[in-house]
Amino acid sequence: MSTADMKPSVLVLYGGLSAEREVSLNSGAAVAKGLEQAGYPVQLLDYIGDITPLQTLEYDIAFIALHGRGGEDGVIQGVLETLGKPYTGSGVMASSLCMDKVRTKKILRADGISTAEFCVLTADSDFDAISNAMGPLFVKPAEEGSSIGLGSAYDGKALREAYVNAAQYRSAVIAEQLLDGAEYTVAVLKGQALPPIKMTAAGEFYDYEAKYLSDDTEYLIPCGLSDADIEKIQAMALQSCQSTGIKTWARVDIMTNSRGEFFVLEVNTVPGMTDHSLVPMAANAVGINFSQLVDQIVQDAMHG
């Protein structure tokens with residue numbers, strides 16, 4: 001930087017090779033626009049694994065807007081640390097942990113945070129026995145986000161089919177007891193829990209289409225919960241971030257069962273930043289616009 005009052009130059013990493021590439025492209029474009037509005041010099045890089053641009057381009061900090069494997073799993077974080085470049089969000093350890101839903105659930109449970117009963121499926125699993133023992137199930141890849149590969153199963157045959165669908169993403173496959181209550185998300189920014197959002201999808205689930213494509217999905221702020229329940233799920237989100245080592249920002253997804261009990265679904269270390277995304281929505285509810293949000297994320301990464 002040539003003068004003391006100039007803002008650091010930012011390289012926004014987006015795109016990538018994961019199943020969430022399209023979402024990442026949208027997130028990165030939105031982040032770049034927001035940073036430019038905040039006065040940052042910005043470059044965009046569709047990062048597909050070649051580290052040469054990371055070594056040759058001039059930039060002060062990388063803004064990671066890569067979703068899925070290669071972006072949220074600690075890989076790009078490790079590359080940037082090797083190059084001595086600051087970057088936004090969580091470090092290698094927290095990123096790697098939260099990308100793996102199985103390990104995340106084990107950590108949360110060890111710290112007393114409620115999460116749905118689950119098992120790991122393989123091609124050799126006794127699908128009928130698992131279905132009979134656990135009842136209705138959600139099935140998803142353990143290392144994908146954005147509800148990629150999500151399915152449901154109410155019997156052994158459907159469970160096998162859901163497993164085959166999820167396994168195509170070259171990930172371990174997790175089956176969780178199906179929670180049939182409302183779904184909420186709590187964004188965390190610099191150690192503070194933002195107002196929860198309730199998501200109501202037109203279809204059966206809050207899936208990829210509901211998240212990114214549908215205009216019929218409802219997002220409710222205020223979320224309709226009592227003050228006590230809002231405090232409860234905000235505390236669950238903060239504890240989840242502390243347990244997994246989150247830095248700067250994250251989004252914690254939470255769901256209820258038919259008895260109104262809360263369960264953490266997962267912790268997202270690089271939340272979406274598209275026009276349908278939840279973290280900007282939650283930030284806006286407390287008077288933080290998109291440009292201010294990305295500015296805070298960069299500033300915390302530079303000085304935190």
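Criteria and cut-off values
Residues numbered from 1 in each chain as written. Predicted model: local features only at pLDDT ≥ 70, side-chain atom pairs only at ≥ 80, totals over all residues. Heavy atoms only, no water. Pairing = 2+ DSSP bridges. Helix = DSSP H or I, 4+ residues; strand = E, 2+ residues; numbered from the N terminus. Axes fitted to C-alpha atoms, helices over the stretch in contact; angles between N-to-C directions. Contact = heavy atoms within 4.5 Å. Salt bridge = Lys/Arg side-chain N within 4 Å of Asp/Glu carboxyl O. Buried < 20%, exposed > 50% of the residue type's maximum accessible area, 1.4 Å probe, protein only.

Focus on the sheet that holds strand 4 (residues 118-121)
As summarised here, the arrangement of the four strands in space is 4-7-5-6, forming an open sheet in which the pairing is antiparallel. The sheet terminates laterally at strand 4 and strand 6 (151-153), the two strands that pair on one side only. Each neighbouring strand pair of the sheet contributes to a mean axis angle of 30°, computed without reference to strand direction. By the bridge criterion, three bridges tie strand 5 (residues 137-141) to strand 6 in an arrangement that is antiparallel. Paired with V139 across the bridge in strand 6 is G151. The strands touched by helix 6 (residues 127-134) are strand 4, strand 5 and strand 7 (173-177); relative to strand 4, the strand with the most contacts, the crossing angle is about 170°. Where helix 7 (residues 156-167) meets the sheet, it contacts strand 4, strand 5, strand 6 and strand 7, and its direction lies at approximately 20° from that of strand 5.

Examining the pattern of salt bridges
This structure, assessed with the given rule, holds twelve salt bridges. Measuring nitrogen to oxygen at the nearest pair gives 3.9 Å for the salt bridge that ties K232 to D229. Taken together, the residues K232 and D229, both in helix 9 (residues 227-244) and three residues apart, mark about one turn of the helix. When its relative accessible area of 45% is taken as the criterion, K232 is described as partly exposed. Overall, D229 belongs to the partly exposed group, its relative accessible area being 23%. Put simply, K247 and D300 hold a salt bridge, and the shortest N to O gap is 3.9 Å. One end of the pair, K247, is in the loop between helix 9 and strand 12 (249-256); the other, D300, is in helix 11 (residues 290-303), and 53 residues separate them in sequence.

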